[in-house]
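Chain by chain, the residues:
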Amino acid sequence: MIDNSSSQPRLATLWASVVYALCTLSVSWPALLGKFSVSSHSDQFIAGYPFREFGASILKATGSFPQWNPYQFGGMPYIAAMHGDIFYPTFLLRMIMPTDAAMTWSFIIHLFLAGLFTFIFLRKLDFGFWGSLFGGLAYMLGGHVASHVSPGHDGKLYVSALFPLLLWAVVSGVRDGKRWAWGALAIIIGLDVLSPHPQLLQYSLLASGAYALYIAINSIKSHHYEKNTAIARLAAALGSVILGGVIGAIQYLPVRGYINWSPRAEGIGSYERATSYAWNPQELLNVYLPEFSGKLDNYWGPNGIHLHSDYIGVVVLMLAGAAFIGLTANLRKREIWFWTITFIIVMLWSLGAHTPFYKLPYYLVPGTKFFRAPATIFFVGALAVSYLVAVGTERLLAAKVGLKYATGWVVFGGLMALLGVTGGLTNLAENIAPDHPVLLQRVVDNASAVSAGSLRSFFFVLLTAGLIFLIQRNSIKTKVAATALFVICAVDLWSVAKGYWQFSPPASEIYAGDAAIDYLKSQDQPFRVLAIGTGAGAEKARYSGAGLMVYDIRSTLGYHGNQIRWYNDLIDMQNPNGGVMRLLGTPNLRQLTNTQFVLTNTPSLAEVPGAELAFGPVKDAHGEDTYVFKMSPETPFAWVTPVIIKAPDESVLRTVVDPRFDVTRAAIFDESANVTETTEIDTLPDPTGINVHVDSYAPGKIKMTLDKPAPKGAALIAAENYYPGWKAVSGGKEVNIGRAQYALIGVELPEGATEVELTFTELSYDKGKLLTLVALGLSILILGWGLVTARKESV
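All values derive from a computational prediction rather than experimental measurement.

Draft legend 1. Region of the structure containing the overall build of the chain. Scanning the chain from terminus to terminus reveals 29 helices and 18 strands. In terms of its C-alpha atoms, the chain occupies a principal-axis envelope of roughly 95 × 65 × 50 Å. Burial status across the chain gives 57% buried among its 795 residues. Taking the intrachain contacts of the chain between residues at least 6 apart in sequence as the baseline, contacts between residues at least 24 apart amount to 77%. Each charge class in the chain can be summarised by its mean position, and for the 58 positive and 57 negative side chains these summaries are 14 Å apart.

Draft legend 2. Region of the structure containing unusual backbone geometry. For the peptide bond that leads from Ser-195 to Pro-196, omega is -25°, which places it in the cis range. Mapping Pro-196 onto the fold places it in the loop between α8 (180-193) and α9 (198-221). The omega torsion of the bond from Ser-632 to Pro-633 falls at 5°, within 30 degrees of zero and hence cis. Phi at Asp-126 is positive, roughly 75°, even though this residue is not glycine.

Draft legend 3. Region of interest: the confidence of the model for the chain. Model confidence for the chain is summarised by a mean pLDDT of 94, while 98% of its residues fall at 70 or above. Taken as a whole, residues 1-6 scores under 50 in pLDDT and shows 14 contacts with residues more than four places along the chain or in a different chain.

Draft legend 4. Spotlight on the pairing of strand β16 (residues 737-740). Note that β16 and strand β17 (residues 744-748) share four bridges and pair antiparallel. The residue of β17 that forms the bridge with Ile-737 is Val-747. Connecting β16 to the next strand, β17, in antiparallel fashion are three residues, including Gln-741 with a positive phi near 50°.

Draft legend 5. Molecular detail of a nonpolar patch on the surface. The grouping of Leu-11, Leu-14, Trp-15, Val-18 and Leu-22 at the surface amounts to a nonpolar patch, some 550 Å² of accessible area in total. Looking at the element boundaries, Leu-14 is found in helix α1 (residues 12-28).

Draft legend 6. Main features of the pattern of salt bridges. Inspection of every chain in the model, using the stated rule, returns 16 salt bridges. In this structure, Arg-52 and Asp-154 form a salt bridge, with 2.8 Å as the shortest nitrogen-oxygen distance. Pair noted here: Arg-52 is in helix α2 (residues 43-62) and Asp-154 is in helix α7 (residues 154-175), with a separation of 102 residues, a long-range link. The shortest N-O distance in the salt bridge between Arg-456 and Glu-291 comes to 4.0 Å. Linking Arg-456 in helix α20 (residues 447-472) with Glu-291 in the loop between α12 (271-274) and α13 (314-322), this pair joins segments that are 165 residues apart in sequence. Judged by its relative accessible area of 15%, Arg-456 falls in the buried class. Since its relative accessible area comes to 8%, Glu-291 is described here as buried.

Draft legend 7. Summary view of the sheet that holds strand β7 (residues 625-631). Read across the open sheet, the five strands follow the order β4-β3-β5-β7-β6; overall the sheet is mixed. Because the sheet does not close on itself, it has two edges, and the strands there are β4 (554-555) and β6 (611-619). Pairing between strand β5 (residues 595-600) and β7: four bridges, direction antiparallel. Bridging across to β7, Phe-597 finds its partner in Lys-630.

Draft legend 8. Examining the packing of aromatic side chains more closely. Applying the stated rule across the entire model yields 50 aromatic pairs. Centroid distance Phe-637 to Tyr-697: 5.6 Å. Interplanar angle 80°. Geometry classified as edge-to-face. Linking Phe-637 in the loop between β7 and β8 (638-641) with Tyr-697 in strand β11 (residues 692-698), this pair joins segments that are 60 residues apart in sequence. For Tyr-697, a relative accessible area of 24% gives the class partly exposed. A connected cluster of aromatic rings, assembled from ring pairs, spans Trp-68, Tyr-258, Trp-261, Trp-566, Tyr-722, Tyr-723, Trp-726 and Phe-760. The side chain of Lys-498 reaches across the aromatic face of Trp-494, ending 5.4 Å from its centre. Above the ring of Tyr-742, the side-chain terminus of Arg-739 is found at 6.0 Å from the ring centroid.

Draft legend 9. A look at the pairing of β7. Counting buried residues along β7, five of its seven residues qualify, which places the element largely inside the surrounding structure. Relative to β7, β6 is paired through six bridges, and the arrangement is antiparallel. The residue bridging Glu-612 from the neighbouring strand is Lys-630, located in β7. As consecutive antiparallel partners, β6 and β7 are separated by five residues, and within that stretch Gly-623 has a phi angle of approximately 80°, a positive value.

Draft legend 10. Representation of the sheet that holds strand β12 (residues 701-706) within the structure. The antiparallel open sheet is built from five strands, whose spatial order is β11-β12-β18-β14-β15. Each of the sheet's edge strands pairs with one partner strand only, and the pair in question is β11 and β15 (733-735). Mean inter-strand twist for the sheet, computed between neighbouring axes without regard to direction, equals 25°. One ladder, built from five bridges, connects β12 with strand β18 (residues 755-760); its direction is antiparallel.

Definitions and limits used
Throughout this description, residue numbers start from 1 for each chain and increase along the sequence as written. Reporting in this predicted model follows two pLDDT cut-offs: at least 70 for local features of residues, and 80 or more for side-chain atom pairs to be given and counted; totals over whole chains, interfaces and linings ignore these cut-offs and use all residues. Heavy atoms from the whole structure form the basis of all side-chain values; hydrogens and water molecules are not counted. Secondary structure counts use DSSP, requiring at least four H or I residues in a row for a helix and at least two E residues in a row for a strand, with both numbered from the N terminus. Residue burial is assigned from relative accessible area. The probe radius is 1.4 Å, only protein chains are included, and a residue is buried under 20% of its type maximum, exposed over 50%, and partly exposed in between. In this description, contact between two residues means that some pair of their heavy atoms is separated by no more than 4.5 Å. Counted as positive: Lys and Arg. Counted as negative: Asp and Glu, with His and the chain ends omitted from the count. Charge placement uses NZ in Lys and CZ in Arg. For Asp and Glu, CG and CD serve respectively. Think of pLDDT as the predictor's per-residue confidence, scored from 0 to 100. Here, any two strands with at least 2 DSSP bridges between them count as paired. Patch membership is restricted to residues that have no salt bridge and whose relative accessible area is over 30%. Joining uses 9 Å for like charges and 5 Å for the nonpolar side chains Val, Leu, Ile, Met, Phe, Trp and Tyr. Residue burial considers only the protein chains on display, and all accessible areas are found by Shrake-Rupley using a 1.4 Å probe. Salt bridge, as used here: a side-chain nitrogen of Lys or Arg that lies within 4 Å of a carboxyl oxygen of Asp or Glu. A pair of Phe, Tyr and Trp rings is counted when the ring centres sit within 6.5 Å of each other, with Trp represented by its six-membered ring. The angle between the planes then sorts it: under 30 degrees is stacked, over 60 is edge-to-face, the rest tilted. Only lysine NZ and arginine CZ atoms are considered, and such an atom sits over a ring when it is within 6 Å of the ring centre and within 35 degrees of the ring normal. Fitted lines through C-alpha atoms give the axes, limited to the stretch in contact for helices. The angle between two N-to-C directions lies from 0 to 180 degrees.

Below is the structure:
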């Protein structure tokens, strides 16, 4: 029998940190050469970089966080609509290094922390060095954590990395009664809120809450403490969660105020949409054979895209399965069952509408209707697997895993390899793939990858089974066996994870400007650009995303998903024929959205009525032709109407898009708008003929001058989305402002007005900031007080 306890090194956490750092660098080393961790399909390339570069530049220039983003979908609140990790500590990296480097290292740091925090959590549960080390490795390099970099989902990685640390704090408080744990728990929850990824925050809270209840009940059953103690500690944990939520007030208070303005005000839309991007049953085989449903561009499943990895790992699966050998005599039996049941629940949840189970959380768990992609919960399942890996590792190294178990895996791996090499798995894929020519062709093209992948997986089965044989025969020392097994496991996970860590040249190259951009930036008055790309060029951030933000150019559309819903309705984004086609074919919409130019990589826009080539073609930084078309008629940023009307939203929307209606002849406010000079009219008066000049335009601050005094009862319409927090001043006095022309800023002008200044301030930002600072300070005090009292009691 091998003595596992003899293989515990000194400075275990330090050694684990070094190992996890090397594992992290094995997939991220191009960052050391200045590469940017994005690819063409990454959200960070499409929008994440522009969002963060904008925020960093404003913060560096003004010392304050931006509050309004004017560059996407007619403008939206920067904080309330959520633009990534605005307040999460990673924003500090963007203060000391270029934004692209800061984003890259944010992923790298959190991948490392995912492993280290899992190690610390497992050590807290009294696992030895090797069990904890393997558990951390399984979590950090498993597909459901390590591949978050591929789609650019940094918020998911942040919450995933913090999850084991959250459980560590729960164990410290609920099981061990450490008073400092309540402060630590609150701070970790606060970081989760600021990530900001509310969906994974919900999953994290549900899982950690269930674990806290398990610990309390188990402690009572094992006579560790009494029922009253359990209730007191659970109440303290709940208090910490609430305090942690308040730490996130600077982010969530604005978000809460924005809910009714969001496209998701009534939820995600339907049960079918809420369960989209679930884990499909035909893809479950990916946990062992990641090539089965096709990786990245070779994906043939029904979800359309599949940018993450489902791979759990061959060695990881073998180690996790070993946790159930001799289960009845295992002192960890109760906790093994807890994490096994957790895994089963998470798997059912991940499958979404493919089982009836998901109806339970959808209808019973608050907030679930606002989310889609139920498969994102699987980071909880990955942690459950890591716990089982820790158990299985210790049993394997203690020679308690027999040859029958290893032989069973060899038979399974051999059968899978045979099916892969002979085309059996490809035939299976052809039978279960969606009936679509493109997807079926991907199945055929993926055949060689499936064949090679089945052999790869079988290879790691054989290596692991061979080590089990040597350990059973007592032919290898514990440290040698553990080290060899760790290397095998790490290489297995690395061989798949590395494909999801894709790098590009630095942002200065991939977002480099060109003559067309310079032409647009040379314009005197504010305007918006409708960016339309075709073919390969459509993948560029400037066409399909938020790339124009990098050049301070306002885009009519963009890439966000949580823009103001009235603007969404105005341009009919939900309609397949809406958006681009509606804007090109509706002069009123171009006027309302201030769309003056079209930026494209195709000359075919010349065929669109009202489009005239203004500049180009010129080569962009990627060597592709770029054209700038100017649309007629002119679309000024602001205009003055002679009358003010109030009407219900439904009739306003119908009216303002009707080509028979001249948007310059009446300002139609929503019925709740705070305007007083409304008019009853039978026919529209003539336009005022007043021209509005924009003297200065900055995010959330606009100054305008009228070339003639405004008549009584007039209104100014600015082609910028209205949202509570906008304030208008004319002649040194604040004047009434509201939502007009369905989505835009409308200002009730005093008679004789010749200038207007608009400023935006997020109404709940200051309150949220104060609450965050107070809650954070209180959490730190609790943490410090707990540490001081614990030290005094130990003396």
